[in-house]
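Inside the fold
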Amino acid sequence: MSRSPTRGGWCLSAVGGGLLVWEDPDEDSVAPGEMRDVAREEIPRLFELLAAGDISSVEALSWQR
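Just so we're clear, the structure is a prediction, and the values are computed from it rather than from any experiment.

1. Examining unusual backbone geometry
With phi around 55°, D37 is a residue other than glycine that occupies positive phi space. Structurally, D37 can be placed in the loop between β4 (33–35) and α1 (42–51). By relative accessible area, D37 is classed as exposed at 69%.

So this is what it looks like as structure tokens:
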């Protein structure tokens, strides 16, 4: 599992098998989003977006809530 928190409280977690979880663990009113079967090559790119502060690009993905 790899986990990367952002300044705004949002957190991207990668779990084995291509599962990604996008959530704000401090905010109960927003349901976590999940994406399954994410390509292994895509996961580092998403973490790079977060490292660059591009939260809106990650939020714009098709998260299942």
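That was the structure; now back to the text.
2. What about the packing of aromatic side chains?
For the structure shown, the criterion picks out two aromatic pairs. Ring geometry for W10 versus W22: centroids 5.2 Å apart, planes at 15°, classification stacked. With a gap of twelve residues between them, W10 in the loop between β1 (2–5) and β2 (11–15) and W22 in strand β3 (residues 19–23) connect regions that are remote in the sequence. Considered together, W10 and W22 belong to a single accessibility category, that of buried residues. Pairing W22 with W63 gives two aromatic rings, centres 6.2 Å apart and planes at 20°, and the pair type is stacked.

The rules behind the values
Residues numbered from 1 in each chain as written. Predicted model: local features only at pLDDT ≥ 70, side-chain atom pairs only at ≥ 80, totals over all residues. Heavy atoms only, no water. Helix = DSSP H or I, 4+ residues; strand = E, 2+ residues; numbered from the N terminus. Buried < 20%, exposed > 50% of the residue type's maximum accessible area, 1.4 Å probe, protein only. Phe/Tyr/Trp six-rings, centres within 6.5 Å; stacked < 30°, edge-to-face > 60°.

What is shown is where atoms sit, not what they do.
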